[in-house]
Amino acid sequence: MHKETNLRSIVKGLSWRVLATGTTIIIVYIFFGRLDLAIAAGLIETFLKVGLYWGHERIWVKIKWGRKRIEPFNLWFTGLALSGKTTIADSVYKELQKLDIPLERIDSKDVRQLIPNIGFTRIERNQHMLRIAHLIKTLQNNSISTVASFVSPYRESRKVIREMVENNIVVYVKASVEVCQKRDYKGVYEKAIKGEYQNFSGINDVYDEPQHAEIIIDTEKIEVEEATKIIVNYIKENYVK
């Protein structure tokens, strides 16, 4: 969340006083017909009320009454490679940024570039999910929500995320292996079929479909724009009111 700085409060006070002082000068001049008296009254009022405004703002910053904390949430996009996770997650992230809430985007590709030696075996993937869960939890401790997209093929690793993370919202981006193969502009499915890639979800490794996903997006039937609207509306209705 954002904290009002002293400088911002002062600038706000000055901008308000320019408008208010001008109004005071006009009113005094109308009633008394003396420009010198009107200007003097306006200047005296300006200096006094800028100080009062600043003090008033500082007091209200410390008062917790009437302030509502936005509970941090985690949108967890899961699905096969090329199902549309990243595309939809990026679109949702851009829309949620418009709500002016503390928010971070986490994608498997970006994380693996930072830690390139992460393997793809079941044990290694589960350990990796534990690291991601810790990262999200740390961000949430600072009131930062997250939009995360990972294949996360194993039920046990998604369970770890749900147990460690507050307000975890699983978005299952659903698409068949056949459809994902047709979308495969990278050629990763072909390489997996040839055996060049091991532990590839849907080809030579399993993908456990989520049984308790809060949102299911079937990308064989729903376009990115509609999917984005569904997910953003869910967040607005449940977390940002």
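Thresholds applied
Residues numbered from 1 in each chain as written. Predicted model: local features only at pLDDT ≥ 70, side-chain atom pairs only at ≥ 80, totals over all residues. Heavy atoms only, no water. Axes fitted to C-alpha atoms, helices over the stretch in contact; angles between N-to-C directions. Helix = DSSP H or I, 4+ residues; strand = E, 2+ residues; numbered from the N terminus. Parallel < 35°, antiparallel > 145°, perpendicular 65-115°, else oblique. Left-handed = near helix turned anticlockwise from the far one by under 90°. Nonpolar A, V, L, I, M, F, W, Y, C, P; charged D, E, K, R; others polar. Pairing = 2+ DSSP bridges. Contact = heavy atoms within 4.5 Å. Buried < 20%, exposed > 50% of the residue type's maximum accessible area, 1.4 Å probe, protein only.

Draft legend 1. Inspection of the packing of helix α1 (residues 6–32) against helix α2 (residues 35–62) at higher detail. Here α1 crosses α2 at 150°, and the two axes come no closer than 8 Å. One element, α1, and the other, α2, form an angle in the roughly antiparallel class. By crossing handedness, the relation of α1 to α2 is classed as right-handed. Looking at the contact of α1 with α2 residue by residue, the classes come out as 15 nonpolar, seven polar and six charged.

Draft legend 2. Inspection of the environment of Asn168 at higher detail. By secondary structure assignment, the location of Asn168 is in strand β4 (residues 168–174). Along the backbone, Asn168 and Arg34 are 134 residues apart, and their C-alpha atoms lie at a distance of 66 Å.

Draft legend 3. Structural context of the sheet that holds strand β3 (residues 145–149). A sheet is described by the order of its strands in space; here five strands give the open sequence β2-β3-β1-β4-β5, paired in parallel fashion. Single-partner strands in this sheet number two, and they are β2 (103–107) and β5 (215–218). Taking the axes of each pair of neighbouring strands and ignoring which way they run, one obtains an average angle of 15° across the sheet. One ladder, built from four bridges, connects strand β1 (residues 74–78) with β3; its direction is parallel. Paired with Leu75 across the bridge in β3 is Val147. In this fold helix α5 (residues 122–141) packs onto β1, β2 and β3, with an angle of close to 155° to the strand it touches most, β1. In the packing of helix α9 (residues 224–238) onto the sheet, the strands contacted are β1, β4 and β5, and the crossing angle to β5 comes to about 170°.

Draft legend 4. Highlighting the side chain of Asp208. Inspection of the secondary structure assignment puts Asp208 in the loop between α8 (188–193) and β5. Among the residues examined, Asp208 registers a relative accessible area of 16% and is labelled buried. Ignoring sequence-local partners within four residues, the contact set of Asp208 consists of Arg122, Pro153, Tyr154, Arg155 and Arg158.

Draft legend 5. Main features of the pairing of β3. Among the five residues in β3, five count as buried, and that is most of the element. Side chains Ser145, Val147 and Ser149 project from β3 onto one buried face, and the interleaved Thr146 and Ala148 project onto a second face that is buried too. As judged from the five bridges shared by β2 and β3, these two strands associate in the parallel manner. Pairing of Asp107 across the sheet is with Ser149, part of β3.

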